Every structure is written in structure tokens, then in C-alpha cells.
Amino acid sequence: MTHPNTGERRKLPLATRLTVIAATLVVVVGGGALLAQYLGDRVMSEQMQKEKDCCWLAGATAAWTIELLGVTVPQTASDRRAAYKSDRVDTSLLAFTLPSKAADAYLAALNPPGTTLIKNFNPKGKDYEPMAPFARLGLPEPETIVTGMRLGGLCEGDVATPEGRNVHHCLDIYAHEFTPGSTRIYVRASIEPGASPPASNGTSAP
């Protein structure tokens, strides 16, 4: 510090200098921590995006997926879509549409005894992005939908009806009456790695 009359530099008191040093360190350390957090979050976000985009196998047709899961789908089902993701635990996605009355009868046959589909009481936010999203099929994530959405599921041996007695895996089932009279049924299953869609040759779908 320079004295206004003599032009000589005067040392700040020791306590003041220590305070300045401490404040500087706080700013530097705090800024470094924020930068590290930002970079860490960015790396994590990029890694998650890569995992979501990775390892979708070509050739996972609806017909192949229906056979893989062992679930029976009514002949009247339209707009059939499917995808298969290979990972530490594979994921199979299936979606199709039925007239709502036919969908109600079909879903009732898939309910294990004493259970029924429930409403989506705890919807995910609109930014919800599961690692195997139905967005892959060009559809909204069923977990984010409230109006007209019902949730359920079953595993191998849970039902003896023709619709579900041959199920090979545990299935998460979502039913969305997206327009009056039309219900889209979503099915998601986690599967032990090893399934290979026809003509996939181990390649990923674009």
C-alpha cells in the first residue's frame, strides 16, 4: 500500500494480509471445485448419452420380439414396434395398438390372480430418460404419462391364460389410451445377455 504523501509503500497489518490471502484461497479453491463439478457432470452426462445411444441391435422385429418374450399378441394389433438393446443386462421393447375394448380384455388376461393394472400415481418428469427408452420407437416414455395410463406386469408362471402362459421373462406392461377408443400397449423386459435378433450380425442399429 502506498502512502499518499511520501509515496512509500506501507505493509498492511499482518491480520489484514492473512484475511486477504484466506479470501483469495477461498475464491480459487471454490472456483476449482465448481469447475471440477462442472467437468464431472459433463463427463457423466456424455457417458450416459453414449450408453443410451449404444448397442441397439438391428433386426429386432416385432414378430421376433413377441417370440422372444413368449407373450401372445392379438392378430388385430396394429402399429407394432420393437427394439432390442444389448448391454450388461439386455432390454427388449415392444409396443402395439389395440381398440380399447379389446385391449381391456387382453390386459385382464395378463393380470396375475388378485391383481389389476393401476394408474400412474408417481409419474416421472418430462425430462425422464431411461437407459432403454421407448423414444427409440418414436414413442413418449410411458412412465411420464398420467392421463389414460395404467401400469402392471407379470413374470413366467404368473398366469395360465393363452395370452400369458408361455411368457419367458418378467414383463413391465403399460397401457395408454392415447386417443378415445385406441390403447397403446408398451412392454419392456430385462433379459440375460445372449439373444441375437435375426440378421443383426452383432451390429448396432442406427
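These figures come from a predicted structure and were not determined experimentally.

Grouped together as the largest cluster of nonpolar side chains are 30 residues, with contacts concentrated most on L94, Y106, L171 and I185. Listing elements by their share of this core, those giving two or more residues are α2 (62-69), β1 (78-85), β2 (90-99), α3 (100-110), β5 (171-179) and β6 (182-191). When residues of this core are assigned to their parent elements, the largest contribution, five residues, is made by α2. Look past the residues within four positions of L94 in its chain and what remains in contact with it is A62, T65, I66, L69, V71, V73, R81, A82, F134, I185, Y186 and V187.

A few words on the side chain of E143. In this structure, E143 sits in the loop between β3 (118-119) and β4 (149-154). Within the structure, the side chain of E143 is placed 2.7 Å from the side chain of R188, a separation counted as a polar contact. With residues up to four places along the chain from it excluded, the contact list for E143 reads N120, P123, K124, Y128, Y174 and R188.

A separate point is α3. By the burial criterion, the buried members of α3 are S100, A103, Y106, L107, A109 and L110. Buried residues in α3 make contact with β2, β4, β5 and β6.

Procedures and definitions
Residues numbered from 1 in each chain as written. Predicted model: local features only at pLDDT ≥ 70, side-chain atom pairs only at ≥ 80, totals over all residues. Heavy atoms only, no water. Core = buried A, V, L, I, M, F, W, Y, C linked by side-chain atoms within 4.5 Å. Buried < 20%, exposed > 50% of the residue type's maximum accessible area, 1.4 Å probe, protein only. Helix = DSSP H or I, 4+ residues; strand = E, 2+ residues; numbered from the N terminus. Contact = heavy atoms within 4.5 Å. Polar contact = N/O pair within 3.5 Å; in protein donor to acceptor, adjacent residues only side chain to side chain.

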